[in-house]
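Given next are the chains, with one letter for each unit.
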Amino acid sequence: MIEIQISNNVQASLPRELPSLENASVRHSWSAHSFAVGSHECLAVLERASGYVMLFFDLHQDDYQNFSRVWQLRVLTEAIAVADLQDEEVDALKQNMLADFQNVLVTDGVNHPVAPQLEKVKALVLAMAKREAKVPNQQMEEFRWGVILNDYAQRQTGISPYQKMQQQWQAMAASAQLSQLTAAPVPSPVLH
């Protein structure tokens, strides 16, 4: 299960989605935070374990109403691009992630400290907006900014959030590929 915790400053109209929690365990925890960049709104969605951040600018009301789907499509796109996999590994990663996406829990409140990281993200986004004299208006530009932020972010244990998520997504693909291989039926020998 994926959990997205919504901070108090994210739009009130964002629907909370409560999937079946029977036998559920949260595999990935993200939190969503909103801040202004000039006259634009930036929604930063941070992955708890790695510090990886995804950026969304000026989402429309429809985007908020369908946020889990908007987020799912983006994270899948980013995972494929960041993981840098072979075709068969990409298919395995897609299947693994789509299985995780069966349950996305969107909840109020963030239950872990993110203030220092969020302040760094804000400062970097504001610096990039000033340098480029604009904010992204397309998904590819949002992704490009995210790559820069995730690679530039303060590295802990020698690797950046970008590298941490790359390793995580590569491991997911390898695990899914191994599961597919072990689940495939073994052909029985043909006797003549």
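Attention in this report is confined to the structure presented alongside it.

## A closer look at the packing of aromatic side chains
Inference 1: Under the defined criterion, the tally for this structure stands at five aromatic pairs.
Inference 2: Summarising the aromatic geometry, the rings of Phe56 and Phe67 are spaced 5.8 Å apart at their centres and angled 70° between planes, so their arrangement reads as edge-to-face. Residue Phe56 is located in strand S4 (residues 53–57), and its partner Phe67 is located in helix H2 (residues 67–83); the two are separated by eleven residues in the primary sequence.
Inference 3: On the accessibility criterion, Phe56 (2% relative accessible area) is buried.

## As for the pattern of salt bridges
Inference 1: In this structure the tally under the stated criterion is six salt bridges.
Inference 2: Close ionic contact of Arg74 with Glu142 constitutes a salt bridge, the shortest N to O distance being 2.1 Å. Of the two residues, Arg74 is situated in helix H2 and Glu142 in helix H5 (residues 139–152); the sequence distance between them amounts to 68 residues. There is no split in this pair, since Arg74 and Glu142 are both buried.
Inference 3: A salt bridge links Arg144 to Glu141; its shortest N-O distance comes to 3.0 Å. One end of the pair, Arg144, and the other, Glu141, are both in helix H5, three residues apart, so they sit about a helical turn from each other.
Inference 4: We classify Arg144 as partly exposed; its relative accessible area is 30%.
Inference 5: A relative accessible area of 22% means that Glu141 is categorised as partly exposed.
Inference 6: Here the salt bridges do not stand alone but share partners, grouping Arg131, Glu132, Glu141 and Arg144 into one network.

## Concerning the packing of H2 against helix H3 (residues 87–100)
Inference 1: Between H2 and H3, the shortest axis-to-axis distance is 11 Å and the interhelical angle comes to 150°. Regarding H2 and H3, the two cross each other, and that crossing is right-handed. Where H2 approaches H3, its residues Val75, Leu76, Ala79, Ile80 and Ala83 are matched on the opposing element by Val90, Leu93, Lys94, Met97 and Leu98.
Inference 2: Of the residues in the contact of H2 with H3, the class split is nine nonpolar, no polar and one charged.

Calculation rules
- Residues numbered from 1 in each chain as written.
- Predicted model: local features only at pLDDT ≥ 70, side-chain atom pairs only at ≥ 80, totals over all residues.
- Heavy atoms only, no water.
- Phe/Tyr/Trp six-rings, centres within 6.5 Å; stacked < 30°, edge-to-face > 60°.
- Helix = DSSP H or I, 4+ residues; strand = E, 2+ residues; numbered from the N terminus.
- Buried < 20%, exposed > 50% of the residue type's maximum accessible area, 1.4 Å probe, protein only.
- Salt bridge = Lys/Arg side-chain N within 4 Å of Asp/Glu carboxyl O.
- Axes fitted to C-alpha atoms, helices over the stretch in contact; angles between N-to-C directions.
- Left-handed = near helix turned anticlockwise from the far one by under 90°.
- Contact = heavy atoms within 4.5 Å.
- Nonpolar A, V, L, I, M, F, W, Y, C, P; charged D, E, K, R; others polar.

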